[in-house]
There are 2 protein chains.
Amino acid sequence: MSQGHTAVPAQLRTLADAQALIDQGVCPIPPREILDRIAGKWPVQIIVACSQGPIRFTELERTIDGISRRMLTLTLRNLERDGLLERTVYPTVPPKVEYRATPMALELYEALLTLTNWSMRHSACIARAREEYDRRTTGN
Amino acid sequence: MSQGHTAVPAQLRTLADAQALIDQGVCPIPPREILDRIAGKWPVQIIVACSQGPIRFTELERTIDGISRRMLTLTLRNLERDGLLERTVYPTVPPKVEYRATPMALELYEALLTLTNWSMRHSACIARAREEYDRRTTGN
DNA sequence: CCGGATCCCCTCAGATACTG
DNA sequence: CAGTATCTGAGGGGATCCGG
């Protein structure tokens, strides 16, 4: 029962193809939902931090900078629920909990790299486009 | 003055490298903001629809299914502002407006393909992880 | 045909305080 | 140390109406 992605071709050529597969019900969770899940303010940072090996709750809290306890917990739970993070509890006193990225998350990391790469190569271009756009619209 | 991405290497190897570049101020707009911009409910669908050639406002409205006039307009404006869409107005009666993806958006499309591909290959796995997680937590 | 303006809801992030 | 509970405000997004 460990099939899971037998019906999905190894490499899609267009997003329209993807949409077709989604419409056929091949894909239990549409990519949009995945995008939402990782597009929040914290998930990517957390995945990055957990990709280098096990990391503890408090370490994450210090590493992520600006994250609240609440959001850290919530985001960790969501990522764990999706099978992207593994949570290990050591029943010691004081308690110790470690998080690490699963293989699936590491693959996601690669995909994110593509997107980040695009962002960085074009961010100056986007910034310029914005300035120009704003000049056109406020000047009017 | 059409440099824009001279300081960014062609291909990043890790997201930590990317973060370092961001911290150096090389990247005027951090990738996170880009993620936010495209992660909304509609942007990706719109980019897909505009990637096959010019498409009119009303066509988009019919194609996207479920989108409100307001959100279509808003999302189009944001994408246009970021230089991802080109808007052409034909001063006819009745008015005619066409949108098409810019080359930059077509490259983004490729990056999204990577991410979508990941989503589809793992969605069954994620779905299973969720079920299992929910069983563990509600059973408790 | 294309879109701006307004109202309203509802989710979700932040702050703060408390517990095993 | 690693969380939970509760309140609160900002903003995404739908519905509707109006205008060029």
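Criteria and thresholds
Position numbers for residues start from 1 in each chain and track the written sequence from start to end. Naming scheme: in the order in which they are written, chains are lettered from A and ligands are numbered from 1. Given that the model is predicted, a residue must reach a pLDDT of at least 70 before its local features are reported, and side-chain atom pairs must reach 80 or more before they are shown or counted; all residues, however, enter totals for whole chains, interfaces and linings. Neither water nor hydrogens contribute to the side-chain values; these are computed over all heavy atoms in the structure. Any residue with a non-hydrogen atom lying within 4 Å of a molecule or strand is treated as near it. Here a polar contact is taken to be a pair of N or O atoms separated by no more than 3.5 Å, where protein atoms must pair a possible hydrogen donor with a possible acceptor and residues adjacent in sequence count only if both atoms sit in side chains. Each helix corresponds to a stretch of at least 4 residues labelled H or I by DSSP, and each strand to a stretch of at least 2 residues labelled E; elements are numbered beginning at the N terminus. The classification used treats Ala, Val, Leu, Ile, Met, Phe, Trp, Tyr, Cys and Pro as nonpolar, Asp, Glu, Lys and Arg as charged, and all other residues, Gly among them, as polar. Whenever a helix is involved, its axis is fitted only over the stretch in contact; in every case the axis is a line through C-alpha atoms, and angles between N-to-C directions fall within 0 to 180 degrees. What makes a crossing left-handed is the near helix being turned counterclockwise from the far one by less than a right angle; a clockwise turn instead makes it right-handed. Contacts were defined at the residue level, with two residues in contact if any of their heavy atoms lie within 4.5 Å. For every residue, the accessible area obtained with a 1.4 Å probe (protein chains only) is divided by the maximum for its type, and the residue is called buried under 20%, exposed over 50%, and partly exposed between those limits. When we speak of the arc, we mean the arc of directions from the helix axis to the C-beta atoms. A residue counts toward the fit only if its pLDDT is at least 70 in both copies, and the copies are then superposed by least squares on the C-alpha atoms of those residues. Note on definitions: salt bridges are taken to be side-chain nitrogens of Lys or Arg within 4 Å of carboxyl oxygens of Asp or Glu. Whether two aromatic rings pair depends on their centres lying within 6.5 Å, for rings of Phe, Tyr and Trp, where Trp uses its six-membered ring; planes under 30 degrees apart make the pair stacked, over 60 edge-to-face, and the rest tilted. Placement of a charge over a ring requires the Lys NZ or Arg CZ to be within 6 Å of the ring centre, with the centre-to-atom vector within 35 degrees of the ring normal. For every residue, the predictor reports its confidence as pLDDT, a number between 0 and 100. In short, DSSP must find at least two bridges between two strands for them to pair.

Novice: What am I meant to see in the protein's contact with DNA strand D here?
Specialist: Within the structure, DNA strand D sits among 19 residues, and Thr58(A), Arg69(A), Arg87(A), Tyr99(A) and Arg70(B) are positioned closest to it. What you see for DNA strand D is that sugar and phosphate hold 58% of its atoms within 4 Å of the protein. At a separation of 3.1 Å, a sugar or linking oxygen of DNA strand D approaches a polar side-chain atom of Arg56(A). In this structure, a phosphate oxygen belonging to DNA strand D sits 2.7 Å away from a side-chain N or O atom of Tyr99(A). Among the elements of the structure, helix 4 (57-64), helix 5 (69-81) and strand 3 (96-101) of chain A together with helix 5 (69-81) of chain B are those that each provide at least two residues to the surface near DNA strand D. Among the elements that make up the surface near DNA strand D, the one with the highest residue count is helix 5 of chain A (4 residues). Of the residues in the surface near DNA strand D, the class split is 8 nonpolar, 3 polar and 8 charged.

Novice: Explanation requested: the packing of helix 4 (residues 57-64) of chain B against helix 5 of chain B in the structure shown.
Specialist: Geometry of a packed helix pair, given as the angle between the helix axes and the separation of the axes. Residue and element names in this part refer to chain B. The contact between helix 4 and helix 5 brings their axes to 11 Å, and the two run at 115°. Viewed along their axes, helix 4 and helix 5 form a crossing whose handedness is right-handed. Listed contacts from helix 5 to Phe57, Leu60 and Glu61 of helix 4 are Arg69, Leu72, Thr73 and Leu76. The residue inventory of the contact of helix 4 with helix 5, partitioned by class, reads 4 nonpolar, 1 polar and 2 charged.

Novice: So what exactly am I meant to see when it comes to helix 1 (residues 15-23) of chain B here?
Specialist: Along an α-helix, residues three or four positions apart point the same way, because every turn accommodates 3.6 residues. Residues and elements named next belong to chain B. Listed as buried for helix 1 are Leu15, Ala18, Leu21 and Ile22. Along the axis of helix 1, the buried positions cluster into a sector of 110°, meaning they face one direction only. Directly beyond the C-terminal end of helix 1, a positive phi value near 85° is found at glycine 25.

Novice: In this structure, what is going on with the relation of the copies chain B and chain A? I would like to understand it.
Specialist: With an RMSD of 0.1 Å, the fit of chain B onto chain A corresponds to turning through 180° and sliding 0.0 Å along the axis. The transformation relating the two chain copies, once decomposed into turn and shift, fits a two-fold axis. Closest to the rotation axis within chain B is the C-alpha of Ala39(B), separated from it by 3.0 Å. With an isologous cut-off of 70% or more, the 100% of interface residues of chain B that recur at the interface of chain A puts this contact in the isologous class.

Novice: Explain the pattern of salt bridges to me, please; I cannot follow it from the model alone.
Specialist: Pairs may arise between side chains of opposite charge once their charged atoms sit close together. Residues and elements named next belong to chain A. One pass over the structure, following the stated rule, counts 21 salt bridges over all chains. For arginine 136, the salt bridge is made with glutamate 132, and the minimal N-O distance between the two is 3.7 Å. You can see arginine 136 and its partner glutamate 132 sitting in helix 6 (residues 103-139), 4 residues apart, about one turn around the helix. Look at arginine 136 and you get partly exposed, because its relative accessible area is 48%.

Novice: Please explain the protein's contact with DNA strand C as it appears in this structure.
Specialist: Neighbouring DNA strand C are 17 residues; Phe57(B), Thr58(B), Thr73(B), Arg87(B) and Tyr99(B) lie closest to it. Sugar and phosphate atoms constitute 68% of the interface atoms of DNA strand C, taking the interface as everything within 4 Å of the protein. Contacts to DNA strand C include Arg70(B), whose side-chain N or O atom sits 3.4 Å from a base oxygen. Those elements giving two or more residues to the surface near DNA strand C turn out to be helix 5 of chain A together with helix 4, helix 5 and strand 3 (96-101) of chain B.

Novice: Is there a simple way to think about the packing of aromatic side chains in this case?
Specialist: Two descriptors summarise a pair of aromatic rings, namely the distance from one centre to the other and the angle between the planes of the rings. A complete count under the given rule lists 0 aromatic pairs over all chains for this structure. The positively charged end of Lys96(A) is found above the aromatic ring belonging to Tyr90(A), 5.1 Å away from the centroid.

Novice: It is not clear to me how the confidence of the model for chain A should be interpreted in this structure. Could you clarify?
Specialist: Predicted coordinates in regions of low pLDDT should not be interpreted in detail. Per-residue confidence for chain A averages 88 on the pLDDT scale, and 91% of its residues sit at or above 70. Confidence over residues 1-5 of chain A falls short of pLDDT 50; this stretch has 6 contacts with residues more than four positions distant or in other chains.

Novice: Sorry, what's going on with the sheet that holds strand 3 of chain B here?
Specialist: Sheets are built from strands that pair by backbone hydrogen bonding, the pairs being arranged parallel or antiparallel. Residues and elements named next belong to chain B. Read across the sheet, 3 strands follow the order 1-3-2 without closing on themselves; strand pairing throughout is antiparallel. At either end of the open sheet lies a strand with only one pairing partner, and these are strand 1 (55-56) and strand 2 (85-90). Relative to strand 3, strand 2 runs antiparallel, the two being bridged by 6 bridges. By the bridge assignment for strand 3, leucine 85 is matched with alanine 101. Of the strands in this sheet, strand 2 and strand 3 touch helix 5, which is tilted by about 115° from strand 2.

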